[in-house]
Amino acid sequence: MMSIYSSLKKFTCRRSRFNVLEANYIISRNLSGCTTNTGVGTRNIIQPPSCLNSFWESAWNILDNAVSTRGSSTRYVNFATIDSYTNTPEARIVALQHVNRNIDRIDFYADMTSPKVHQIQQNKEGAITLWDPLFFIQSRLSVKVDILHLGDDNCDKDVVKEAWDALPSRIQLCYGANPHPGAQIDDPSNFTKKANIMNFCIFACNVYKMDLVYLDPEDRMRDRRALYLKSENWEGKWLSP
Ligand SMILES: Cc1cc2nc3c(=O)[nH]c(=O)nc-3n(C[C@H](O)[C@H](O)[C@H](O)COP(=O)(O)O)c2cc1C
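This one's a predicted model, so the numbers in the text were calculated from it and none came from an experiment.

## Some words on the overall build of the chain
Argument step 1. In terms of regular secondary structure, the chain is built from six helices and ten strands.
Argument step 2. Taking all 241 residues of the chain together, 28% fall into the buried category.
Argument step 3. Partitioning the contacts of the chain with sequence separation of at least 6, the portion at a separation of at least 24 is 60%.

## Some remarks on the pairing of strand 5 (residues 137-149)
Argument step 1. In terms of strand pairing, strand 4 (residues 125-132) meets strand 5 through eight bridges, oriented antiparallel. Paired with Ile128 across the strands is Leu141, a residue of strand 5.
Argument step 2. As consecutive antiparallel partners, strand 4 and strand 5 are separated by four residues, and within that stretch Phe136 has a phi angle of approximately 60°, a positive value.
Argument step 3. In this sheet, strand 8 (residues 200-214) lies alongside strand 5 in antiparallel orientation, the contact comprising 13 bridges. Bridge assignment links Arg140 to a residue of strand 8, and that residue is Asp211.

## What to know about unusual backbone geometry
Argument step 1. In this chain, Asn178 is followed by Pro179 through a cis amide linkage whose omega measures 0°.
Argument step 2. Looking at where Pro179 falls in the secondary structure, it is placed in the loop between strand 6 (177-178) and strand 7 (192-193).
Argument step 3. Although it is not a glycine, Asn87 adopts a positive phi angle of roughly 55°.
Argument step 4. By C-beta crowding, Asn87 is classed as exposed, having 7 other C-beta atoms within 10 Å.
Argument step 5. With phi around 60°, Phe136 is a residue other than glycine that occupies positive phi space.
Argument step 6. By the element assignment, Phe136 lies in the loop between strand 4 and strand 5.
Argument step 7. Note on Phe136: 17 C-beta atoms within 10 Å, which makes it partly exposed.

## Description of the pairing of strand 9 (residues 224-229)
Argument step 1. By the alternation rule, side chains of strand 9 split into Arg224, Ala226 and Tyr228, which are all buried, and Arg225, Leu227 and Leu229, of which none is buried.
Argument step 2. Judged from the six bridges that link them, strand 8 and strand 9 form a sheet pairing that is antiparallel. Within strand 9, the residue paired with Asp211 across the bridge is Leu227.
Argument step 3. As judged from the three bridges shared by strand 9 and strand 10 (residues 237-239), these two strands associate in the antiparallel manner. Bridging across to strand 10, Leu227 finds its partner in Lys237.

## Remarks on the nonpolar core
Argument step 1. Residues Ile128, Cys201, Phe203 and Cys205 are the most contacted members of the largest nonpolar core, which totals 40 residues.
Argument step 2. Looking at this core element by element, the count peaks at ten residues for strand 8.
Argument step 3. Each residue touching Cys205, except ones within four places of it in the same chain, is listed here: Arg105, Ile106, Asp107, Gly126, Ile128, Val143 and Val145.

## Regarding the site of the ligand
Argument step 1. The immediate surroundings of the ligand are formed by 14 residues, with Arg92, Ala95, Ala110, Ser114 and Lys116 found nearest.
Argument step 2. Secondary-structure elements contributing two or more residues to the shell around the ligand are strand 2 (88-100), strand 3 (105-111) and helix 4 (115-122).
Argument step 3. With five residues, the top contributor of residues to the shell around the ligand is strand 2.
Argument step 4. Residues belonging to the shell around the ligand are distributed by class as follows: nine nonpolar, two polar and three charged.

## Structural notes on helix 3 (residues 52-68)
For an α-helix, the turn length of 3.6 residues means that residues three or four places apart are oriented alike.
Argument step 1. The end-to-end C-alpha separation of helix 3 is 24 Å, in line with the 24 Å expected for 17 residues at 1.5 Å each.
Argument step 2. Every buried residue of helix 3 is accounted for by Phe55, Ser58, Ala59, Asn61, Ile62, Leu63, Asn65 and Ala66.

## Considering the environment of Pro115
Argument step 1. With respect to the element layout, Pro115 can be found in helix 4.
Argument step 2. On the neighbour-count criterion, Pro115 (17 C-beta atoms within 10 Å) is partly exposed.
Argument step 3. When the C-alpha positions of Pro115 and Glu90 are compared, they lie 9.7 Å apart, and in sequence the two are 25 residues distant.

## Examining the environment of Gly182
Argument step 1. By secondary structure assignment, the location of Gly182 is in the loop between strand 6 and strand 7.
Argument step 2. Considering only alpha carbons, one finds Gly182 and Thr113, 69 residues apart in sequence, at a separation of 9.1 Å.
Argument step 3. The contact partners of Gly182, leaving out residues within four places of it in the chain, are Ser114 and Pro115.

Rules behind the numbers
Residues numbered from 1 in each chain as written. Predicted model: local features only at pLDDT ≥ 70, side-chain atom pairs only at ≥ 80, totals over all residues. Helix = DSSP H or I, 4+ residues; strand = E, 2+ residues; numbered from the N terminus. Buried ≥ 20, exposed ≤ 12 C-beta atoms within 10 Å, placed from the backbone. Contact = placed C-beta atoms within 7 Å. Pairing = 2+ DSSP bridges. Core = buried A, V, L, I, M, F, W, Y, C linked by C-beta atoms within 7 Å. Near = placed C-beta within 6 Å. Nonpolar A, V, L, I, M, F, W, Y, C, P; charged D, E, K, R; others polar. Expected span 1.5 Å × (residues − 1).

The quantities given are spatial measurements derived from coordinates; they are silent on function.
Spelled out as structure tokens, the structure:
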């Protein structure tokens, strides 16, 4: 029988946009029991979630792999806030940094002077959306965000310092643009970037709702959708997809 690895290699060859790293990523997920593939060829690789629990586990496995697998495209997710002044949604791409399913938390980093910080200070509600093109799963996460930064006496400063120290210096430069991100400038190059830990903050996103959709690549009747609420102990319920 063809091994998981050889069928995955076939899969990645046929779909050249996925690289070897992502093949490893599939293998690690298969080994962790997220999906099973004992069949031959590419068509059997993707299975609809078999139960509410495995669907939920798959979503967290996707998030874990997004941060632990170098080069994973799912690391870049859409993060939406509400602008309280205009009462309109604002969405942008951010890079996931930490995932901790034990406390239902996902972190990314931002510049303290960027507009999204102000939006969260006015309204802690955010939404994170991601699509995993290998497992055909969309995750829509509703989150309440705490912003951790050195200027806040209530936050654990060591956590912020450790996160900052772990960043390469070229990435630290993302935090410290002058004028601040989003400010109008006369010329496109009329700004400076100087790494400044005081500009650095962690968006600690506390997940309280997960809406998952599996879109089957071949059969619409195999599509699946489920909703999970923290207030209901993440038990989950099926929704019409
Ligand atoms: C691939 C990619 C990754 C990004 N990652 C981050 C990030 O991790 N944190 C961040 O604040 N902005 C990130 N950005 C920039 C944001 O999308 C956005 O332009 C910037 O944060 C300003 O957003 P705001 O004006 O809503 O505050 C990223 C952009 C791209 C294209």
